[in-house]
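Below, each chain spelled out in residue letters.
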Amino acid sequence: MDNRFSTIKLRGVAASAGLACGISFIHYEKLTRVRQERIQSSQVRAEIRRLNRALAKTTSELEVLRNEARSSVGTELSKIFDAELMILEDADFMTKVKQAVVAKLQNVEYLFQQEVNKTVRSLSRSKDEYMREMISDINSVSARLLHNLSGFEDIKLRRTRTPIIAFAPFFSPGEIISMRKANVAAFVAETGGPTSHMVLFAKALGLPAVVGVKGCLDRVRSSQQVLVDGNKGEVTISPPTEDWKAFKKKVDSLKRRERRHFASIGDIPSATIDGHRVEIQANLEVPTEYDEKLAGENVGVGLYRTEFLYLNSGSFPDEEAQYAVYSKIAEQFRSQTVTLRTFDLGGDKFTEHFRNEGEANPALGWRAIRFSLDVPKIFRAQLRAMLRASVHGNIRIMLPMISSLEQVVRAKRALSGVKRDLTRRGVPFDQSTQLGIMIEIPSAAIMAYRLALEVDFFSIGTNDLTQYALAVDRGNAKVAKWYRELHPAVLRLIAMAVDAGHEHHLPVSLCGELAGNPIATKMLVGFGIDSLSMSPNSIHSVKALLPQMSFEESRQFSRRVLTMSSVAEIESFLGEDYEKIR
């Protein structure tokens, strides 16, 4: 049966949250269309001049994209374009191409592609995630330069009234920026991971993205109707008419809600009808245009992920670079709390300089607090930058992936040492800066009563807590159906951590994706969680529920949930109640 008329459901990695529906557009890089041609020795200079002109034009185009990125996604993220510009500035590489033109008397675009292929083959053998990410940068720059060399006619994506779902092997940051102007509503890529450059840009621009959808280009055709669920990592091609209409209605409703989203957040009380206060905060991944709007609506930052500072360049930023970023976010949210999480990078994200060998399972490997404690120079530099920034606002420091008391004690020792050093040097910082930990490993939830004696606050990370409690790799499409945040075991671990924190008078927040699911809001409030931190796009819908519920009723509701023994039973119970109060 022709695929364009049959419904096809594909699953990948949920990379950038959100829902979108539109018409499919298939985008390919044109590296395979370069032909080998012989030239005369008298044509060599002309070939090299063509290369130099193409280099100049490509450099100019990337500089324009970098400037556009600065205005739309912020200065830090726009630095990704610096890596692409550096590729063009590689004098040794370009010299090899020019020498090959002289020696082989072949057209410059063909010889350029041959050198690119050699580099890509070398990088593809690396187990390093950053090195593999460079392949995307190289392919993107190469395609742009070959277009300028040879005049290949790229598929022109013009702005249409109908939203577009773009499919490709991968997307470069430049393509994300450019395609957004053409009403692209979502991106679907065959390759890539949740921390790739394309994902960082998609998140910053609030565009849904699903990556790692293997074989999607063999299944989709141009101009088919497509549904994209960036929350679940699901892509549906040619859905039934009823499904398309229902999904589109949901997307349109979300868009209407988002248009009034930021303007009214501050007007909604952060309390239940009987006066129980629950802070609604934002998870921030990279600096974006939304930060100022959130700060203006008195929304604090419950989780500020600092990994983008590394992922931008593949190297750890120095203390001054970090201080500049942390102090800016502290100043923007000066009247609110900003919780800075120390680097939470897996072993598969490090450059070869930091990694001794590949890891079979990076999620269980050398990452987060384990890496920080083993590389104290990097850890202390980050702590110094965070403490220095604390004079610009109300900053809290949070440690990820805590699994033992020993880790907390060692981290506190490092923090105390940094404080002594800053005091000795006369560098100002807030002496009362709070230190907290993430409860995202079952051992931490079980040990929460003891860990509470060492820290100032808990933050429950339901994404990893679910992954580790259920032994499900949430980035693996084959087992994604077993990743269930509403699993009874996960909910009991959450309740256990909240009880332990409150017994020791610690505030407890929750910052996983579950926090942004309005179906779960009443249950989480009933658990006694003091603050819920989520994607900015989820804040309005969750916060709007608080004034419609009673805390006492929510407590009874949550106790009922904890007696249930299956995900299906819990989902049904929560869903039915949500329909009554929404």
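Coordinates for the structure precede this section.
Here's a quick rundown of the structure. Not measured: the values here are computed from a predicted model. Throughout, a residue's number is its position along its own chain's written sequence, starting from 1. Side-chain atom pairs in this predicted model are given and counted only at pLDDT of 80 or more, local residue features only at pLDDT of at least 70, and totals for whole chains, interfaces and linings cover all residues. Processing note: side-chain calculations cover all non-hydrogen atoms of the structure and skip hydrogens and water entirely.

Focus: the overall build of the protein
Here's step 1: Going along the chain from the N terminus, every DSSP run of H or I of four or more residues is numbered as a helix, and every run of E of two or more is numbered as a strand. For the protein, the helix and strand inventory stands at 25 helices and 16 strands.
Here's step 2: Exposed residues in this analysis have more than 50% of their type's maximum accessible area, buried residues have under 20%, and partly exposed residues fall in between, with area computed by a 1.4 Å probe over protein chains only. The burial tally for the protein puts 58% of its 582 residues in the buried class.
Here's step 3: Within the protein, counting contacts between residues at least 6 apart in sequence, those at least 24 apart form 71% of the total.
Here's step 4: Surface accessibility in these figures is a Shrake-Rupley result with a 1.4 Å probe; residues are shielded only by whichever protein chains are displayed. Counting only carbon and sulfur atoms, one obtains 49% of the accessible surface of the protein, whose full area is about 25,500 Å². Residue contacts are defined here by distance: any two heavy atoms, one from each residue, within 4.5 Å place the two residues in contact.

A few points about the side chain of Glu440
Here's step 1: Examined against the element boundaries, Glu440 turns out to sit in the loop between strand E13 (434–439) and helix H18 (442–446).
Here's step 2: Of the side chains with opposite charge, Arg341 comes closest to the buried, unpaired Glu440, at an N-O distance of 5.1 Å.
Here's step 3: Counting of polar contacts relies on pairs of N or O atoms within 3.5 Å, with two restrictions inside protein: one atom must be capable of donating a hydrogen and the other of accepting it, and residues adjacent in sequence are counted only when both atoms are side-chain atoms. A polar contact is formed between the side chain of Glu440 and the backbone nitrogen of Met401, at a distance of 2.5 Å.
Here's step 4: Beyond its immediate chain neighbours, meaning those up to four positions away, Glu440 contacts Pro400, Met401, Gly461, Asp464, Leu465 and Tyr468. Charge convention: Lys and Arg are scored as positive, Asp and Glu as negative, and His as well as the terminal groups of each chain are ignored. We define a salt bridge as a side-chain nitrogen of Lys or Arg found within 4 Å of a carboxyl oxygen belonging to Asp or Glu.

Topic: the sheet that holds strand E3 (residues 19–26)
Here's step 1: Within the open sheet, the 8 strands sit side by side as E1-E8-E7-E3-E4-E5-E6-E2. Their pairing is mixed. Either end of the sheet is taken by a strand with one partner, and the two such strands are strand E1 (8–11) and strand E2 (13–16). Direction aside, neighbouring strands of the sheet carry axes that sit 30 degrees apart on average.
Here's step 2: Only strands that DSSP links by at least two bridges are regarded as paired with each other. Inspection of the sheet shows E2 paired to strand E6 (residues 209–211) by 3 bridges, in the antiparallel sense. Bridge assignment links Val13 to a residue of E6, and that residue is Val211. Axis definition: a line fit to C-alpha positions, over the contact stretch in the case of helices; interaxial angles, taken between N-to-C directions, run 0 to 180 degrees.

Some remarks on the pairing of E3
Here's step 1: Of all the 8 residues making up E3, 7 are buried; the element is thus mostly covered by neighbouring parts of the structure.
Here's step 2: One ladder, built from 5 bridges, connects E3 with strand E7 (residues 225–229); its direction is antiparallel. By the bridge assignment for E7, Leu19 is matched with Asp229.
Here's step 3: Across 4 bridges, the pairing between E3 and strand E4 (residues 164–168) is parallel. Bridge assignment links Ile26 to a residue of E4, and that residue is Phe167.

Points about the packing of helix H22 (residues 518–527) against helix H25 (residues 567–581)
Here's step 1: In contact at an axis separation of 8 Å, H22 and H25 are set at 100 degrees when each is read in the N-to-C sense. On the basis of the axis angle, H22 is roughly perpendicular to H25. Between H22 and H25, the contacting residues are Pro518, Ile519, Ala520, Lys522 and Met523 on the first element and Leu574, Gly575, Asp577 and Tyr578 on the second.
Here's step 2: For the contact of H22 with H25, the residue count by class is 6 nonpolar, 1 polar and 2 charged. These descriptions rest on fixed angle ranges, namely under 35 degrees for roughly parallel, over 145 for roughly antiparallel, 65 to 115 for roughly perpendicular, and the rest for oblique. Residues were grouped as follows: Ala, Val, Leu, Ile, Met, Phe, Trp, Tyr, Cys and Pro as nonpolar; Asp, Glu, Lys and Arg as charged; and all remaining residues, including Gly, as polar.

Notes on the nonpolar core
Here's step 1: To form a nonpolar core, buried Ala, Val, Leu, Ile, Met, Phe, Trp, Tyr and Cys residues must be joined to one another through side-chain atoms within 4.5 Å. With 154 residues, the main nonpolar core has Phe187, Phe458, Ile494, Met523 and Leu532 as its most contacted residues.
Here's step 2: Beyond its immediate chain neighbours, meaning those up to four positions away, Phe458 contacts Ile437, Ile439, Ala448, Leu451, Ala452, Ala497, Gly501, Leu506, Pro507, Val508 and Ser509.

As for helix H17 (residues 405–424)
Here's step 1: Helix span is expected to be 1.5 Å times the residue number reduced by one. Look at H17: 29 Å from first C-alpha to last across 20 residues, which is about the 28 Å you get at 1.5 Å a residue.
Here's step 2: Among the residues of H17, Gln407, Val408, Ala411, Ala414, Leu415, Val418, Lys419, Asp421 and Leu422 are the ones counted as buried. The buried residues of H17 all sit within an arc of 160 degrees when viewed along its axis, so they share a single face. Counted as exposed and oriented over 90 degrees from the buried face of H17: Glu406, Arg413, Arg420 and Arg424.
Here's step 3: Its buried side turned inward, H17 meets helix H15 (368–374), helix H16 (376–389), strand E12 (394–399), E13 and helix H19 (448–451).
Here's step 4: Of the residues trailing H17, Gly426 is marked for its positive phi of about 75 degrees. When we speak of the arc, we mean the arc of directions from the helix axis to the C-beta atoms.

Quick word on the packing of aromatic side chains
Here's step 1: Aromatic rings from Phe, Tyr and Trp, taking only the six-membered ring of Trp, are treated as a pair when their centres fall within 6.5 Å; an angle between ring planes under 30 degrees marks them as stacked, one over 60 as edge-to-face, and anything in between as tilted. All told, the structure shown has 6 aromatic pairs when counted by the stated rule.
Here's step 2: Measuring from centroid to centroid gives 5.9 Å for Phe93 and Phe112, while their planes differ by 90 degrees, and the two rings are edge-to-face. Of this pair, Phe93 sits in helix H4 (residues 91–104) while Phe112 sits in helix H5 (residues 108–124); the two residues are 19 residues apart in sequence, bridging distant segments of the chain. Like Phe93, the residue Phe112 is buried in the burial classification.
Here's step 3: Ring centres of Phe557 and Phe573 lie 4.7 Å apart, and the angle between their planes is 20 degrees; on these two criteria the pair is classed as stacked. Here Phe557 is found in helix H24 (residues 551–561), whereas its partner Phe573 is found in helix H25, with 16 residues between them in sequence.

Some thoughts on the side chain of His27
Here's step 1: Inspection of the secondary structure assignment puts His27 in the loop between E3 and helix H1 (44–73).
Here's step 2: If we ignore the near neighbours within four places in the chain, the residues touching His27 are Phe167, Ala168, Pro169, Phe171, Glu175 and Met179.

Quick word on the environment of Leu486
Here's step 1: Looking at the secondary structure, you find Leu486 in the loop between helix H20 (462–470) and helix H21 (488–503).
Here's step 2: Since its relative accessible area comes to 9%, Leu486 is described here as buried.
Here's step 3: Remark: the alpha-carbon pair of Leu486 and Thr462, spanning 24 residues in sequence, is separated by 9.8 Å.
Here's step 4: The residues contacting Leu486, other than those within four sequence positions of it, are Leu491, Leu514, Met523, Val567, Ile570, Glu571 and Leu574.

Concerning a nonpolar patch on the surface
Here's step 1: For patch building, the residue pool is restricted to those with more than 30% relative accessible area and no salt bridge; the joining distance is 9 Å between like charges and 5 Å between nonpolar side chains (Val, Leu, Ile, Met, Phe, Trp, Tyr). Taken together, Ile446, Tyr449 and Met496 make up a surface patch of nonpolar side chains, about 280 Å² in accessible area.
Here's step 2: For Met496, the location among the structural elements is in helix H21.

Topic: the sheet that holds strand E11 (residues 337–341)
Here's step 1: Taken in spatial order, the 8 strands line up as E9-E10-E11-E12-E13-E14-E15-E16 and close into a barrel, and their pairing is parallel. Here the average twist between neighbouring strands, direction ignored, is 25 degrees.
Here's step 2: The pairing of E12 with E13 spans 4 bridges and is classified as parallel. Across the sheet, the residue bridging to Ile397 is Leu435, located in E13.

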